[in-house]
Amino acid sequence: YHDPAKNQFVSTNDVINSWFFKLNPKSDNALMAVNLRSRMKCLSDDLAGNYLGLIPLRNKDIQTPLDSRKRINETGFLINGMADLSAEELAERK
């Protein structure tokens, strides 16, 4: 779903996770896997493999697909301060 007029976007993943979370009303939190490739400078398209991160979601964060997307956008990806490091800078930290 994409509504440019309202600047709103939800992915298929947002829809599925919101639906799946509602199947277990006793649960108060969930983890959503996200692709880090476009979110970390050091992960270029020519690297092999999958680079995943987890975003913790509480019940209030996942009631609708739009709530899920809002939480993802608010979270940001400051993974131990490494989001803006190049591959060379990341290698130096190891």
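In this text, all values refer to a predicted model and were calculated from it rather than measured experimentally. (Residues numbered from 1 in each chain as written. Predicted model: local features only at pLDDT ≥ 70, side-chain atom pairs only at ≥ 80, totals over all residues. Heavy atoms only, no water.)

Asks: Describe the pattern of salt bridges, with residues and values.
Replies: This structure, assessed with the given rule, holds four salt bridges. For D14, the salt bridge identified is with R69, shortest N-O distance 2.8 Å. Here the residue D14 occupies a position in helix α1 (residues 12-22), and R69 occupies one in helix α2 (residues 65-75), the gap between them amounting to 55 residues. Accessibility assignment for this pair places D14 and R69 in one class, buried. (Salt bridge = Lys/Arg side-chain N within 4 Å of Asp/Glu carboxyl O. Helix = DSSP H or I, 4+ residues; strand = E, 2+ residues; numbered from the N terminus. Buried < 20%, exposed > 50% of the residue type's maximum accessible area, 1.4 Å probe, protein only.)

Asks: Give a detailed account of a nonpolar patch on the surface, specifying residues and quantitative values.
Replies: A contiguous nonpolar patch, built from I16, W19, F20 and L23 and spanning about 480 Å² of accessible area, is present on the exposed surface. Inspection of the secondary structure assignment puts I16 in helix α1. Looking at I16, the relative accessible area reads 46%, which means it is partly exposed. (Patch = residues over 30% accessible without salt bridge, like charges linked within 9 Å, V, L, I, M, F, W, Y side chains within 5 Å. Areas by Shrake-Rupley, 256 points an atom, 1.4 Å probe, with all protein chains shown as cover.)

Asks: Describe in detail the nonpolar core, supporting the description with residues and values.
Replies: If you look at the biggest cluster of nonpolar residues, it comprises eleven residues: F21, M32, V34, L36, M40, C42, L43, I55, L57, I62 and I72. Secondary structure elements with two or more residues in this core: β3 (29-35) and β4 (52-58). Contacts of M32, omitting those with residues within four sequence positions, involve N13, D14, N17, G53, L54, I55, L57, S68 and I72. (Core = buried A, V, L, I, M, F, W, Y, C linked by side-chain atoms within 4.5 Å. Contact = heavy atoms within 4.5 Å.)

Asks: Quick one: what's the story with the pairing of β4, residue by residue and with numbers?
Replies: Side chains G53, I55 and L57 project from β4 onto a buried face, and the interleaved L52, L54, P56 and R58 project onto a face without burial. Relative to β4, β3 runs antiparallel, the two sharing seven bridges. Looking at β4, one finds that M32 is bridged to I55. (Pairing = 2+ DSSP bridges.)

Asks: Got a sec to walk through the environment of R58? Specific residues and values, please.
Replies: Mapped onto the secondary structure, R58 falls in strand β4. Excluding residues within four positions of it along the chain, R58 makes contact with D28 and N29.

Asks: Go over the side chain of S27, please, and point to the residues and values.
Replies: Looking at where S27 falls in the secondary structure, it is placed in the loop between α1 and β3. Within the structure, the side chain of S27 is placed 2.9 Å from the backbone oxygen of N29, a separation counted as a polar contact. Once you skip the residues sitting within four places of it in the chain, S27 turns out to touch F21 and N59. (Polar contact = N/O pair within 3.5 Å; in protein donor to acceptor, adjacent residues only side chain to side chain.)

Keep in mind these values describe shape, not function.
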